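Next come the chains, spelled out residue by residue.
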Amino acid sequence: MDLKRFWRHIVMTPRAASRAFPPVALEAIRGAIATHEKRHRGEVRFAVEAELTTARLWLGVGSRARAIEVFSQLGVGRTAERTGVLVYVLLADHRVEIVADQGIAAKVAQAEWQAVCAAMQEAFSAGRFEEGSVAGVEAVSALLERHFPAGDENRNELPDQPVML
């Protein structure tokens, strides 16, 4: 196990996550998701996790693997058109992962998702969590609008509220 990574997870606490993502930031993210989902048929979920458990660290679970677990746990893959997208933030690792359902993954290149993640991570490294998160939601939504524009029926299938894990 990487001891530097282990230490980052030990010192990262839910309280620190709450400072990075206070209620006003979570509301801004929720508002961005709600506003932009009116323009496309995708469903965006936003999840923040302060740190991984010691057991997961010992097993070598990385941010991508954990994001895929969270995608499943939050039911992001259960949308009618398979257009769910999870934006997952693992604060202790300073990582952002985007997991897209099959319908979207077939149309949006992984490099496009990586560019969104990189921009968010850059904002986060400067301490601009709210700004980086809202910009990330807007960038994800722009990709969804291009491939899945809103139709006549545009149901909201998943909650817009970000999740603090």
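This text goes with the structure placed above it.
This structure is a prediction, so every number in the text was calculated from the model and none was measured. The residue numbering used here restarts from 1 in each chain and proceeds along that chain's sequence as written. Where totals are concerned, whole chains, interfaces and linings use all residues; where local detail is concerned, this predicted model gives features only for residues with pLDDT of at least 70, and gives and counts side-chain atom pairs only at 80 or more. With hydrogens and water stripped out, all remaining heavy atoms of the structure feed into the side-chain values.

Student: Can you walk me through the overall build of the protein in this structure?
Tutor: Numbering of helices and strands runs from the N terminus; a helix is a DSSP stretch of H or I covering at least four residues, while a strand is a stretch of E covering at least two. On a plain count of helices and strands, the protein comes out with eight helices and four strands. Listing every helix and strand of the protein by position from the N terminus yields α-α-α-β-α-α-β-β-α-α-α-β. In terms of overall dimensions, the protein is globule-like: its C-alpha atoms have a radius of gyration of 15 Å, near the 15 Å expected for 165 residues. Taking the principal axes of the C-alpha coordinates as reference, the protein spans close to 50 × 30 × 25 Å. Within the protein, buried positions represent 47% of all 165 residues. The contact definition used throughout considers only heavy atoms, calling two residues in contact when any of these lie within 4.5 Å. Long-range contacts, defined here as pairs at least 24 residues apart, represent 74% of the contacts in the protein between residues at least 6 apart. Carbon and sulfur atoms form 55% of the exposed surface of the protein, whose accessible area is close to 8,100 Å². One finds the centroid of the 20 positive side-chain charges in the protein at a distance of 4 Å from the centroid of its 21 negative side-chain charges. For the radius of gyration, the atom set is restricted to C-alpha positions; the globular benchmark scales as 2.2 Å times the number of residues to the power 0.38. Relative accessible area decides the class of each residue, using a 1.4 Å probe on protein chains only: under 20% of the type maximum gives buried, over 50% gives exposed, and in between gives partly exposed. All accessibility values rest on the Shrake-Rupley procedure with a 1.4 Å probe; residue burial counts only the protein chains present in the view. Neither His nor the chain ends is counted toward charge; the positive residues are Lys and Arg and the negative residues Asp and Glu. Every charge is mapped onto a representative atom, which is NZ of Lys, CZ of Arg, CG of Asp or CD of Glu.

Student: What am I meant to see in the environment of R82 here?
Tutor: In this structure, R82 sits in the loop between α5 (63-73) and β2 (84-90). For the pair R82 and V140, spaced 58 residues apart in the sequence, the C-alpha separation amounts to 15 Å. With near-sequence residues (within four places) excluded, R82 lies in contact with G77, D101, Q102, G103 and I104. Here a polar contact is taken to be a pair of N or O atoms separated by no more than 3.5 Å, where protein atoms must pair a possible hydrogen donor with a possible acceptor and residues adjacent in sequence count only if both atoms sit in side chains. A polar contact of 3.2 Å, which involves the side chain of R82, links it to the backbone oxygen of G77.

Student: What is the right way to read the pairing of β2 from this model?
Tutor: Strand residues, when the strand is regular, have side chains that alternate between the two faces of the sheet. Taken across its seven residues, β2 has seven buried, putting it largely inside the fold. Side chains G84, L86, Y88 and L90 project from β2 onto one buried face, and the interleaved V85, V87 and V89 project onto a second face that is buried too. Here a strand pair is declared whenever DSSP counts at least two bridges between the two strands. Pairing analysis gives six bridges linking β2 to strand β3 (residues 95-100), with the strands arranged antiparallel. Within β3, the residue paired with L90 across the bridge is R95.

Student: Can you walk me through the pattern of salt bridges in this structure?
Tutor: Salt bridge, as used here, is a side-chain nitrogen of Lys or Arg placed within 4 Å of a carboxyl oxygen of Asp or Glu. Using the criterion set out here, one finds 13 salt bridges in the structure. Where E131 meets R128, a salt bridge forms, and the shortest distance between an N and an O atom there is 3.2 Å. On the basis of relative accessibility, which here comes to 48%, the residue E131 falls in the partly exposed class. Look at R128 and you get partly exposed, because its relative accessible area is 36%. Salt bridges sharing common partners tie together E49, R56, R66 and E69.

Student: How should I be thinking about the layout of surface pockets in this particular structure?
Tutor: The rolling of a water-molecule-sized probe over the atoms marks out the regions of remaining empty space. Lining residues are defined by having an atom within 4 Å of a point belonging to a cavity or pocket. Those points lie on a 1 Å grid over the protein atoms alone, cavities being sets where a 1.4 Å probe fits but cannot get out and pockets being open sets with protein on both sides within 12 Å along at least five of seven lines. Grid points are joined across faces, edges and corners, and a volume is the space filled by probe spheres set on the points. Of the volumes computed, that of the largest pocket is approximately 180 Å³. The wall of the largest pocket is formed by 13 residues, among which L91, H94, F124, S125 and F129 lie closest to the centre. Ranked by residue count, the leading element in the lining of the largest pocket is helix α7 (residues 110-125), at three residues. When the residues that make up the lining of the largest pocket are grouped by side-chain class, the tally is nine nonpolar, three polar and one charged. Gly is placed with the polar residues, together with every amino acid not listed as nonpolar (Ala, Val, Leu, Ile, Met, Phe, Trp, Tyr, Cys and Pro) or charged (Asp, Glu, Lys and Arg).

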